[in-house]
Amino acid sequence: MVVQAGLDTPPTYDEASSPGSSTSQIFETHEEETAPPYSDAPRYSAVFPLHGKPIQGCRASRPLKTEHSFGPQNGGTPWVQLKCISRAASSSKTPKFVGGDDIAGSILLDLASPTYISSITIAVKGRVVTSSTDEGSYTILDKTYTVWSKALGNPRYASSTRNIKHKGNLEPGEYTWPFSFPFPTTFDYSDDSGPVGKKSYRTPQSFSEHDMPATVQYQLLLCIRRGALRPDKNIAVPIIYTPKIIPDPPSLPRQLSYRVARPLVGPSEDPAGWTTLPVVTTYRRLSHSQHSVKVDCQLSLANPMCYARGSVIPCWLTLQSNDPAGLDALANSQAIRITLQRHVKYHPRGIRSKPITQKTKIRSAVWWPSSVDQPPEESDIRIMEGELHLSRGLQTTSDFPLFSVEYVINWFDFQSPDIHPKGGLKIPLLTQMITIATFSASGPRIREYSIRT
């Protein structure tokens, strides 16, 4: 029998969840069917671009000091207890662990009468569930450690009886066995599709969201084997895991801007600090004009393109045109539509089945005219600074083929009451994949230059 410890379920991430259709192979939220409307664009009056504001970000998690205790839930005498220490906010919450943590604790027995036990094991197990069928459940972790067995001798005198055969009959009284082992940060998987063999993947974050059939589940399992004539005693404890992903530090000029509280340096002065994407040319017609305006646009994203939850993604947009009115119409914080989108992809019936992808809009970027690198008004260039605010509750990036979490920056064509499109607005002009990490990089605290809404 398996005794399920009474715990709260792993948290859902409502900000990044969305409803989907069970009959569609590509789940789309309403936001994905059309680009962000003009009315949703943030106003650049809510920015403080001169000095910025240092943000807490995610530099560390709670310490490993919360004690949890679990026992049988059948109402009988609690003759066995499983104890562990985690990073959870309280002992009543689900135990939480971060990549690099050890799972440590103890197993306590309080036997009222002689009891036969052949072995005691503790295991950490993980699986990805993508459907209710057997083909939709994949074991990714299964690490078992023997805490005690009768081959180790009498537990009261284990050091002196290790080589003395023990029949497994434990005398009445109390017994305690400590345990400690690392939470596996990687696992091997092979899809049997080629000669490459097994490949190592980062252990994905626990995942459970409303309206999403795919989940990533972990548990701590205590198993007390009591021989062929009596059922084993198992205590299964759900646990929450988050990988430890830390970006490389930003460029030295950006670190200096953060340290001395000044605006960021753009790509022209800090080329190593930015990834500049290809030029995009758009043609737009002004509301008072019959001809289209050609504008060359180039987007830059801060390096490295790996950003911690709770931080920001700095953006830099350069626009060039020989039409001043058209240039000013596009160099408008409410006309620029750049969003962050999450893609969750999973295979409902094995790696050979057609994958399902659920796409969710996370947030739109905030924009304002650059305060440090703005050409004169008569110039044919306009420069806009921007940033995407990242929630602390974002799911981290995962590359496991059967269940992947990816983040994409989508750049949609400009839109405002003063300009009209030439061509469709639903297809992005440009897309760029990024990585969402767990903790902030080393160095000075990141600054954000606009107000979160």
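The present account deals with the structure reproduced in this document. It should be emphasised that the depicted structure is a prediction, and the values quoted were computed from it without experimental measurement.

1. Concerning the sheet that holds strand β5 (residues 80–86)
One open sheet holds the four strands; their spatial order is β4-β5-β7-β12, and the pairing between them is antiparallel. Since the sheet does not close on itself, it has two edges, and those belong to β4 (66–70) and β12 (173–182), each with one partner. In this sheet, adjacent strand axes meet at a mean angle of 20 degrees when their direction is disregarded. Bridge analysis of β4 against β5 gives five bridges, and the strand direction is antiparallel.

2. Quick notes on the environment of S206
Topologically, S206 is positioned in the loop between β14 (199–202) and β15 (215–225). Counting along the chain gives 190 residues from S206 to T396, while the straight-line C-alpha distance between them is 9.7 Å. Of the polar contacts made by the side chain of S206, one reaches the backbone nitrogen of Y241; its length is 2.8 Å.

3. Points about the environment of P243
In this fold, P243 is placed in the loop between β16 (233–242) and α3 (252–260). Overall, P243 belongs to the buried group, its relative accessible area being 1%. Separated by 145 residues in the primary sequence, P243 and V98 place their C-alpha atoms 5.6 Å from one another. Not counting the four nearest positions on each side in its chain, P243 is found in contact with G99, R202, T203, P204, Q205, T396 and T438.

4. What to know about unusual backbone geometry
Cis peptide bonds are those with omega within 30 degrees of zero, and the linkage from N303 to P304 qualifies with -10 degrees. Summarising the element assignment, P304 is placed in the loop between β19 (292–302) and β20 (306–308). With phi around 70 degrees, D211 is a residue other than glycine that occupies positive phi space. Along the chain, D211 falls in the loop between β14 and β15. Residue A261 is not a glycine yet carries a positive backbone phi of 60 degrees. Considering the arrangement of structural elements, one finds A261 in the loop between α3 and β17 (274–276).

5. Thoughts on the packing of aromatic side chains
Within the structure shown, the criterion is met by 15 aromatic pairs. When the centroid spacing of 5.0 Å and the interplanar angle of 80 degrees are considered together, the rings of F187 and F400 count as edge-to-face. Of this pair, F187 sits in strand β13 (residues 186–189) while F400 sits in strand β26 (residues 398–400); the two residues are 213 residues apart in sequence, bridging distant segments of the chain. Under the relative-accessibility criterion, F187 is labelled buried at 5%. Overall, F400 belongs to the buried group, its relative accessible area being 1%. One aromatic cluster is present, built from ring pairs that chain together F97, F183, Y218 and Y241. If you follow R254 out to its NZ or CZ, it ends over the ring of W274, 4.8 Å from the centre.

6. Here we look at empty space enclosed by the protein
Throughout the structure, instances matching the rule amount to three cavities of 30 Å³ or more. Taken as a whole, the largest cavity encloses approximately 210 Å³ of empty space. Along the wall of the largest cavity there are 21 residues; nearest its centre are P250, Y258, C306, Y307 and I446. Those elements that provide at least two residues to the lining of the largest cavity are α3, β20 and β21 (312–320).

The rules behind these values
- Residues numbered from 1 in each chain as written.
- Predicted model: local features only at pLDDT ≥ 70, side-chain atom pairs only at ≥ 80, totals over all residues.
- Heavy atoms only, no water.
- Pairing = 2+ DSSP bridges.
- Helix = DSSP H or I, 4+ residues; strand = E, 2+ residues; numbered from the N terminus.
- Axes fitted to C-alpha atoms, helices over the stretch in contact; angles between N-to-C directions.
- Polar contact = N/O pair within 3.5 Å; in protein donor to acceptor, adjacent residues only side chain to side chain.
- Buried < 20%, exposed > 50% of the residue type's maximum accessible area, 1.4 Å probe, protein only.
- Contact = heavy atoms within 4.5 Å.
- Phe/Tyr/Trp six-rings, centres within 6.5 Å; stacked < 30°, edge-to-face > 60°.
- Lys NZ or Arg CZ within 6 Å of the ring centre and 35° of its normal.
- 1 Å grid on protein atoms, 1.4 Å probe; cavity = no way out; pocket = protein on both sides within 12 Å on 5 of 7 lines; lining within 4 Å.
- Points joined across faces, edges and corners; volume = space filled by probe spheres on them.

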